[in-house]
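Read off the chains here:
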Amino acid sequence: MNSLASNADPIDYLCKLFGFRSSKNNSLKSLYRSLLNNSEDMYIEFQQYDLVSDSIMSIIKCFEDIQDKTSHLHLTRSLG
């Protein structure tokens, strides 16, 4: 997740990273649906969680919501 903040289009970057169908219309909602329908285990580590921008925070909140609803997404946080 280090490269997420430096990427010009973090939603598109995540869709490609996770192997989801990518399009010019990728949105947080489409990423959410793809994560919700995902059946593979995913492990995501957030570094410097307290220093993320508001736009990245909305993506993190999406991940947290998916983690609460499925058993396939696992989040960890670190300071390093």
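Note that the structure is a prediction, hence the values are computed from the model and not measured.

1. A few points about the packing of helix H2 (residues 28–37) against helix H3 (residues 54–69)
- For the pair H2 and H3, interaxial distance at closest approach is 10 Å and the crossing angle is 25°. Here H2 is positioned roughly parallel relative to H3, judged by the angle of their axes. As H2 runs across H3, the sense of the crossing is right-handed. Seen from H2, the contacting residues are Leu 28, Tyr 32, Leu 35 and Leu 36; seen from H3, they are Ser 58, Ile 59, Cys 62, Phe 63, Asp 65, Ile 66 and Lys 69.
- Considered class by class, the residues forming the contact of H2 with H3 number eight nonpolar, one polar and two charged.

2. Things to note about the pattern of salt bridges
- This structure, assessed with the given rule, holds four salt bridges.
- Close ionic contact of Arg 77 with Glu 64 constitutes a salt bridge, the shortest N to O distance being 2.1 Å. Placement of the pair is Arg 77 in strand S2 (residues 73–78) and Glu 64 in helix H3, with a sequence separation of 13 residues.
- For Glu 64, a relative accessible area of 16% corresponds to the buried category.

3. A closer look at the packing of aromatic side chains
- Scanning the model with the defined rule gives three aromatic pairs in all.
- Ring centres 6.2 Å apart and planes at 65° place the aromatic pair Phe 18 and Phe 63 in the edge-to-face group. Of this pair, Phe 18 sits in the loop between helix H1 (10–17) and H2 while Phe 63 sits in helix H3, and the two are 45 residues apart along the sequence.
- For Phe 18, a relative accessible area of 19% puts it in the buried group.
- Take Phe 63: its relative accessible area is 0%, and that puts it in the buried class.
- An aromatic cluster is built from Phe 18, Phe 20, Phe 46 and Phe 63, whose rings are joined through pairwise contacts.

Basis of the calculations
Residues numbered from 1 in each chain as written. Predicted model: local features only at pLDDT ≥ 70, side-chain atom pairs only at ≥ 80, totals over all residues. Heavy atoms only, no water. Axes fitted to C-alpha atoms, helices over the stretch in contact; angles between N-to-C directions. Helix = DSSP H or I, 4+ residues; strand = E, 2+ residues; numbered from the N terminus. Parallel < 35°, antiparallel > 145°, perpendicular 65-115°, else oblique. Left-handed = near helix turned anticlockwise from the far one by under 90°. Contact = heavy atoms within 4.5 Å. Nonpolar A, V, L, I, M, F, W, Y, C, P; charged D, E, K, R; others polar. Salt bridge = Lys/Arg side-chain N within 4 Å of Asp/Glu carboxyl O. Buried < 20%, exposed > 50% of the residue type's maximum accessible area, 1.4 Å probe, protein only. Phe/Tyr/Trp six-rings, centres within 6.5 Å; stacked < 30°, edge-to-face > 60°.

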